[in-house]
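The residues making up each chain are set out below.
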Amino acid sequence: MELKQLLFMTSVITGDIIKSRGTNPDIWMGILKEALLKLNPDKTYWDIYRGDSFQIEIPKIEDSFLAAIYIKACVKTLKNLDVRIAIGIGKKTFNGKIVTESNGEAFIFSGETLELLKKEKQNLLIKTNNKTLNAELNLYFKLALTTMDNWTSNSAEIVKLSIENPNALQKELAEKIGTKQDAISKRQKRAALDNILELNQMFKQKIATL
């Protein structure tokens, strides 16, 4: 495939597991792989490398924020674990056999932003070629993280389940995990799920301007 045929927009999520070194990887590796497979069954679009780092390409850029939230929710179903996530959105100029061999703005932005996350001690940031949009979205992310970083494993589980089953009623979700409908309602409120889904809708609108 010629280079000029690959000049299209994509999004890339690069992340790593926080506090992974003090935890047996058998505990979280399966959860992470399941999350990435759920987002894209085609393994050429994602990779886990250097032990606790991962990268996944989300071709539909408007889906990148919810994908990041899904990964975070999956990891946080495990107590005392969390994840740093960097979203890069831009052009893809080279398609490798695996995602970590591909290149372009989105990949560069995502990698650079992960390094910035470690310095700023914030767990979710985005970078596009629009600095004004970056500043606005990252402020929203910072506010949302005051809730998301403090999800309990139960809160994370209900966010994960709700994203996996976007059209399911609370009663149906309750049946899936063997609890009552009012428990689902309380967990969704504690997780601020409605606010996060509202933020996702706004994110889609903003990203559409790129």
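Up top is the structure these notes are about.
Residues numbered from 1 in each chain as written. Predicted model: local features only at pLDDT ≥ 70, side-chain atom pairs only at ≥ 80, totals over all residues. Heavy atoms only, no water.

J.: Any chance you could explain the packing of aromatic side chains here in plain terms?
T.: Two aromatic rings are characterised by how far apart their centres lie and by the angle between their planes. Counted by the stated rule, this structure contains three aromatic pairs. Look at Phe65 and Phe141: their rings are 5.1 Å apart centre to centre, the planes differ by 10°, and that puts the pair in the stacked class. With Phe65 in helix H2 (residues 64-76) and Phe141 in helix H4 (residues 131-148), this pair connects stretches of sequence that are 76 residues apart. Of the two residues, Phe65 and Phe141, both sit in the buried class. One aromatic cluster is present, built from ring pairs that chain together Phe65, Phe141 and Phe203. (Phe/Tyr/Trp six-rings, centres within 6.5 Å; stacked < 30°, edge-to-face > 60°. Helix = DSSP H or I, 4+ residues; strand = E, 2+ residues; numbered from the N terminus. Buried < 20%, exposed > 50% of the residue type's maximum accessible area, 1.4 Å probe, protein only.)

J.: Can you walk me through the pairing of strand S1 (residues 8-18) in this structure?
T.: Side-chain direction in a regular strand flips from residue to residue, so the side chains alternate between the two faces of the sheet. The buried fraction of S1 is high, at nine of 11 residues. As paired strands, S1 and strand S3 (residues 53-58) are joined by six bridges and run antiparallel to one another. Each bridged residue has a counterpart across the sheet, and for Ile13 the counterpart in S3 is Ile56. (Pairing = 2+ DSSP bridges.)

J.: How should the nonpolar core be read in this particular structure?
T.: The nonpolar side chains of a soluble globular protein tend to be buried with one another. Membership of the largest hydrophobic core comes to 51 residues, with the highest contact counts inside it found for Ile13, Phe54, Ile69, Ile85, Leu124, Trp151 and Val159. Per element, the largest residue contribution to this core is nine residues, and it comes from H2. (Core = buried A, V, L, I, M, F, W, Y, C linked by side-chain atoms within 4.5 Å.)

J.: Got a minute to help me understand unusual backbone geometry in this structure?
T.: Residues apart from glycine generally show negative phi values, whereas peptide bonds are mostly found in trans. Phi is positive for Lys121, close to 55°, though the residue is something other than glycine. Position of Lys121 relative to the elements: it lies in the loop between helix H3 (105-120) and strand S6 (124-127). With relative accessibility at 73%, the residue Lys121 sits in the exposed group.

J.: Could you clarify how one ought to interpret the packing of H2 against H4 in this entry?
T.: When two helices pack together, their arrangement is captured by the angle between the axes and the distance separating the axes. Across the interface, H2 lies against H4 with an axial gap of 13 Å and an inter-helix angle of 20°. Classified by the angle between their axes, H2 and H4 sit roughly parallel to one another. Judged by the twist between their axes, the crossing of H2 over H4 is right-handed. Between H2 and H4, the contacting residues are Phe65, Ile69, Lys72 and Lys76 on the first element and Phe141, Leu145 and Met148 on the second. Here the residues of the contact of H2 with H4 are counted per class, giving five nonpolar, no polar and two charged. (Axes fitted to C-alpha atoms, helices over the stretch in contact; angles between N-to-C directions. Parallel < 35°, antiparallel > 145°, perpendicular 65-115°, else oblique. Left-handed = near helix turned anticlockwise from the far one by under 90°. Contact = heavy atoms within 4.5 Å. Nonpolar A, V, L, I, M, F, W, Y, C, P; charged D, E, K, R; others polar.)

J.: Please clarify how the pattern of salt bridges should be interpreted in this entry.
T.: In a structure, side chains of opposite charge can pair up when their charged atoms sit close to one another. A complete count under the given rule lists 11 salt bridges for this structure. Its salt-bridge partner being Lys206, residue Glu136 comes within 2.9 Å of it at the nearest N-O pair. Linking Glu136 in helix H4 with Lys206 in helix H8 (residues 193-207), this pair joins segments that are 70 residues apart in sequence. On the accessibility criterion, Glu136 (24% relative accessible area) is partly exposed. For Lys206, a relative accessible area of 27% gives the class partly exposed. A salt bridge links Lys160 to Glu164, with the shortest nitrogen-to-oxygen separation between them at 3.0 Å. With Lys160 and Glu164 both in helix H5 (residues 153-164), this residue pair falls four residues apart, about one helical turn. Overall, the relative accessible area of 23% leaves Lys160 in the partly exposed class. Connected via shared salt-bridge partners are Asp16, Arg84, Glu115 and Lys118. (Salt bridge = Lys/Arg side-chain N within 4 Å of Asp/Glu carboxyl O.)

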